[in-house]
Amino acid sequence: MTRTVIRTCPLCEATCGLRIELDDTDQVVAVRGDTDDVFSAGYLCPKGATLGELEADPDRLATPRVRRDGQLVEAGWEEAFEEVATRLHAIQAEHGPDAVAIYLGNPNVHTLAGQLYIRPLAKALRTTNIYSASSVDQLPKHVSCGYLFGDPLAIPVPDLDRTDLLVVLGGNPRVSNGSLMTAPDLPGRLTALRRRGGRLVVVDPARTRTAERADVHLAVRPGTDALLLFAVVHTLAEEGLADVGDHLRDHVRGVDEVVALAAPFAPERVAAACGIDAAAIRALARELAEAERAVVYGRLGTSTVAFGTTTSWLVDVVNVLTGNLDRPGGAMFPLPAHHRAPRRPFRHARRHSRVRGLPEAIGEFPVATLYDEIVTPGEGQVRALITVAGNPVLSTPDGARLDAAIAGLDLVVAVDPYVTATSRHADVVLPPPRILQRSHYDLAFSALAIRNVANHSPAAVALDDQQPDEWEILLTLAAIALGQSPPIEVDAADAFVLHQALEAVVADPSARLATRDVDELRAHLDGRRGPERLLDLLLRAGPYGDGFGSHEDGLSLARLEAHPHGIDLGPLQPRVPQLLTTASGSIELAPEPLVSDVARLERHLDDRVGTDAPSTDAPSTDPPSTDAPSTDRPNTNGLVLIGRRHLRTNNSWSHNVAGLAKGQQLCTLRIHPDDAAERGLADGTAAVVRSAAGEITVPVEVTDALRRGVVSLPHGFGHDLDGVELTVARSAGGANSNVLADRHLVDPISGNAVLNGLDVEVVPA
Ligand code: SF4
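Residues numbered from 1 in each chain as written. Predicted model: local features only at pLDDT ≥ 70, side-chain atom pairs only at ≥ 80, totals over all residues. Heavy atoms only, no water.

*Asks:* Explanation requested: the overall build of the protein chain in the structure shown.
*Replies:* A count of helical and extended segments in the protein chain gives 27 helices and 29 strands. Along the first, second and third principal axes, the C-alpha set of the protein chain runs to 65 × 65 × 55 Å. Every one of the 765 residues in the protein chain was classed for burial, and the buried ones make up 64%. Counted over contacts in the protein chain with a minimum sequence separation of 6, partners at least 24 positions apart contribute 74%. Both charge centroids of the protein chain, one from 71 positive and one from 101 negative side chains, sit 3 Å from each other. (Helix = DSSP H or I, 4+ residues; strand = E, 2+ residues; numbered from the N terminus. Buried < 20%, exposed > 50% of the residue type's maximum accessible area, 1.4 Å probe, protein only. Contact = heavy atoms within 4.5 Å. Lys, Arg positive; Asp, Glu negative; His and termini not counted. Charge placed at Lys NZ, Arg CZ, Asp CG, Glu CD.)

*Asks:* Can you help me understand the sheet that holds strand β11 (residues 216-218) in this one?
*Replies:* Within a sheet, each strand pairs with its neighbour through backbone hydrogen bonds, oriented either parallel or antiparallel. Taken in spatial order, the four strands make up an open sheet running β11-β10-β9-β13, and their pairing is parallel. One side of each edge strand has no neighbouring strand; the edge strands of this open sheet are β11 and β13 (294-298). In this sheet, adjacent strand axes meet at a mean angle of 15° when their direction is disregarded. Relative to strand β10 (residues 199-203), strand β9 (residues 165-169) runs parallel, the two sharing five bridges. By the bridge assignment, Leu 169 is partnered in β10 with Val 203. The strands touched by helix α7 (residues 186-195) within the sheet are β9 and β10, with β10 carrying the most contacts at an inclination of about 125°. (Pairing = 2+ DSSP bridges. Axes fitted to C-alpha atoms, helices over the stretch in contact; angles between N-to-C directions.)

*Asks:* Would you take a moment to explain the site of the ligand for this structure?
*Replies:* Lining the immediate environment of the ligand, one finds Cys 9, Leu 11, Cys 12, Ala 14, Thr 15, Cys 16, Tyr 43, Cys 45, Lys 47, Gly 48 and Asn 177. Of the residues in the shell around the ligand, the class split is seven nonpolar, three polar and one charged. (Near = heavy atom within 4 Å. Nonpolar A, V, L, I, M, F, W, Y, C, P; charged D, E, K, R; others polar.)

*Asks:* For this particular structure, what's the right way to read empty space enclosed by the protein?
*Replies:* A probe matching the size of a water molecule, rolled over the atoms, marks out where space remains unfilled. With the rule as written, the count across this model stands at eight cavities of 30 Å³ or more. Approximately 120 Å³ is the volume attributed to the largest cavity. Looking at the largest cavity, it is lined by 13 residues, and the ones nearest its centre are Thr 15, Phe 39, Asp 442, Val 453 and Asn 455. Residues belonging to the lining of the largest cavity are distributed by class as follows: six nonpolar, five polar and two charged. (1 Å grid on protein atoms, 1.4 Å probe; cavity = no way out; pocket = protein on both sides within 12 Å on 5 of 7 lines; lining within 4 Å. Points joined across faces, edges and corners; volume = space filled by probe spheres on them.)

*Asks:* Looking at this structure, I do not really get helix α21 (residues 530-541). What am I missing?
*Replies:* Helix length check: α21, at twelve residues, gives a terminal C-alpha distance of 17 Å against a target of 16 Å (1.5 Å per residue), a fit within 8%. Here α21 lies mainly inside the structure; twelve of its twelve residues are buried. Turning to α21, its buried residues are Gly 530, Pro 531, Glu 532, Arg 533, Leu 534, Leu 535, Asp 536, Leu 537, Leu 538, Leu 539, Arg 540 and Ala 541. (Expected span 1.5 Å × (residues − 1).)

*Asks:* What exactly am I supposed to notice about the sheet that holds strand β2 (residues 17-22) here?
*Replies:* Strand order in the open sheet made by the three strands is β1-β2-β3, with antiparallel pairing throughout. In this open sheet, the two edge strands, each paired with only one partner strand, are β1 (3-8) and β3 (28-33). Recorded for the sheet is a direction-independent mean angle of 25° between the axes of neighbouring strands. Alignment of β2 against β3, held across five bridges, turns out to be antiparallel. Each residue of the ladder has a partner; that of Ile 20, found in β3, is Val 31.

*Asks:* In this structure, what is going on with the pairing of strand β29 (residues 758-764)? I would like to understand it.
*Replies:* A regular strand carries its side chains on alternate faces of the sheet. Pairing analysis gives three bridges linking strand β24 (residues 639-644) to β29, with the strands arranged antiparallel. In the sheet register, Leu 641 faces β29, and the bridge partner there is Leu 758.

*Asks:* Any chance you could explain the layout of surface pockets here in plain terms?
*Replies:* Estimated volume of the second largest pocket: approximately 620 Å³. Leu 335, Arg 340, Ser 510, Arg 575 and Leu 579 are, among the 27 residues lining the second largest pocket, the residues nearest its centre.

*Asks:* What is the right way to look at the confidence of the model for the protein chain in this model?
*Replies:* Parts of the model with low pLDDT should not have their predicted coordinates read in detail. Confidence in the prediction of the protein chain, expressed as mean pLDDT, is 94, and 96% of residues score 70 or more. Note that pLDDT drops below 50 for residues 610-621; the model gives that stretch 33 contacts with residues more than four away or on any other chain. Across residues 623-636 the pLDDT falls below 50, and counting only partners more than four positions away or on other chains, this stretch makes 35 contacts in the model. (pLDDT = per-residue confidence, 0-100.)

*Asks:* Quick question: what am I supposed to make of the packing of helix α11 (residues 267-274) against helix α12 (residues 278-290) here?
*Replies:* Geometrically, a packed helix pair is captured by the angle between its two axes and the distance between the axes. In the contact formed by α11 and α12, the axes pass within 8 Å of each other and the chain directions differ by 115°. Considered as vectors, α11 and α12 are oriented roughly perpendicular to each other. The chirality of how α11 crosses α12 is right-handed. Residues Pro 267, Glu 268, Val 270 and Ala 271 of α11 pack against Ala 278, Ile 281 and Arg 282 of α12. (Parallel < 35°, antiparallel > 145°, perpendicular 65-115°, else oblique. Left-handed = near helix turned anticlockwise from the far one by under 90°.)

*Asks:* I keep staring at a positive patch on the surface and nothing clicks. Help me out?
*Replies:* Taken together, the side chains of Arg 119, Lys 123, Arg 344 and Arg 347 define a basic patch exposed on the protein surface. Topologically, Arg 119 is positioned in helix α4 (residues 112-125). (Patch = residues over 30% accessible without salt bridge, like charges linked within 9 Å, V, L, I, M, F, W, Y side chains within 5 Å. Areas by Shrake-Rupley, 256 points an atom, 1.4 Å probe, with all protein chains shown as cover. Salt bridge = Lys/Arg side-chain N within 4 Å of Asp/Glu carboxyl O.)

*Asks:* I keep staring at the packing of aromatic side chains and nothing clicks. Help me out?
*Replies:* Describing an aromatic ring pair means giving the distance of the ring centres and the angle of the ring planes. Throughout the structure, instances matching the rule amount to six aromatic pairs. An angle of 40° between the planes, with centres 5.7 Å apart, marks the rings of Trp 77 and Phe 81 as tilted. Of this pair, Trp 77 and Phe 81 are both found in helix α3 (residues 77-95), four residues apart, which corresponds to roughly one turn of the helix. The buried category is assigned to Phe 81, whose relative accessible area is 8%. (Phe/Tyr/Trp six-rings, centres within 6.5 Å; stacked < 30°, edge-to-face > 60°.)

Written as structure tokens, this is what we have:
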């Protein structure tokens, strides 16, 4: 006997609907795309297709682990929580709250519990040492949107299905399946764009799969997108093409200022640095201005660079100046179904990190300085680390040094289903339930989706005996962080979380529950608990909600449950000026911190024409770290390293699925044939890659898909370390590219790590 369940795939940002067949022991026997899904209409990629293998992974932990006599041994939940409480309380009492750091991995935005219960945990810890994968990823976009629109979460996305021209910088959506742009079946949507006569332009040092299918591929030098975008702005202004459009005319400030800032960046001046002909840059600007509906979209390659915030800002500046922000076919703001607390005007750099003085952004410090905070003595030194779905050893800069630093901490607690490169250092590992044992709703990605959509998946499989749900683990840790000792009354803690959510909703004049009575609303929510209860509240208070009766046909969780294939809430609609939360109430196109940083970009252009060295907040004085020991400082030999995505992986999390890699070596160093020949490297041989931070050894893949002088590596590999319990991932080989990433290289505005555009030397191994 089999049964079929409908679920949203949580494995990437595309949020595809799945039809999953389960046998009578709740094992997955088949996964197909859900053809009735209102958004994905049956699309499925190889990662989604192997969900069953992931669910059945024998390396997945079924019980907590606690370190005893140096070994991680199986333990009961009560024993594990008691161990956390005893040791955490001692550290908090002796060293204060900042002695405990928390690191949040990227999977937290893919779970409902992660979206709703991380905040209570972080608040309960009362630490300023909050870190996440955002600062090795999209943090510059949050910061630039914070300054432009007043809200770091107000990120405009391409109105992909209605545009005539899509310009992609530093992204490979055919392979990533979209990021900061939730759109199932990206390959199909890009094909549809060209079929309806639209054009695709890709700006990328590599001829990616997206670039292969583009009308134009501009093989830009890594890290120079900001120069190119300023040259586009320069051209728009010089040729009289800049026009914000009637719809924005009264809602934008700083147009003249940003145009003046672009004056030094004529296409003819930046062309050599960008490696793009001035004529091609001017043609791009004209095409953007002349297209009926156009949009510029920048992704990872534009944010993990020395000018990450500047580049993220300029993407939206170009969209504004071509009249394409907030109108159909341009860059638009989704309106998700859940209620979001009203935002105060964006505040940034409210505090600075203890050791390197890096700025806080969206409530956290850059993870590029976590190592410094662990190893540098003094008040506030990090002595304990809680990771939630995170693997910073493989995912963040200076991986080898961070590995050693985490190993020396007084306490490491990992909420993680695996013993990974990071959680192998844990004193306690707390495994969350399997994917199908959890309910699912995409709070984060519905706010980045190219259509307004709501889709809920109830848990499909019962929890194992004794297994707490993910939200119960997080709330128990929160209660422990507040000084309580196990056993924790999770429902009492959850009642407190609900009360705070109710207070926030009734205090928001824009919510459909504004001014209602908290006790009355709480009574309406009886019968549910945990994330479902919170989600029901947020949906009913949200812009499409039923307001508990005030809007008869509105949304509620019950209504979503009756629509397992999701509810389509329609195409994106213009949202300016209502969306803006800047102090002025306008789009601030020339915010002071970004304006001030333009001088650095110009110096970079003057000093380094034709080169790509990123800036550094301090020269690295550490000895190089290696996975193949060497005591020599590297001599760069003119190559620049960039990252790479693969359809069959997702950061460090999907490497233990044998059916995904299919025995292929995915972690290779791609290099242009001429660069390879110059260095005596052949396809399939091994090369040593050295940077200022460290060195790794990887197999060589010779390809003309990269421009000369550029090499690429995927990240998230390097699992074969003592103590890691990932059988497939360990045997698959690969090296940790973050060993090469110097933690001192950051975008100074956001503190985001520089992972693209690293100077490296490559020699035969
Ligand atoms: S594209 Fe993403 S959401 Fe869709 S099936 Fe693949 S991994 Fe899942």
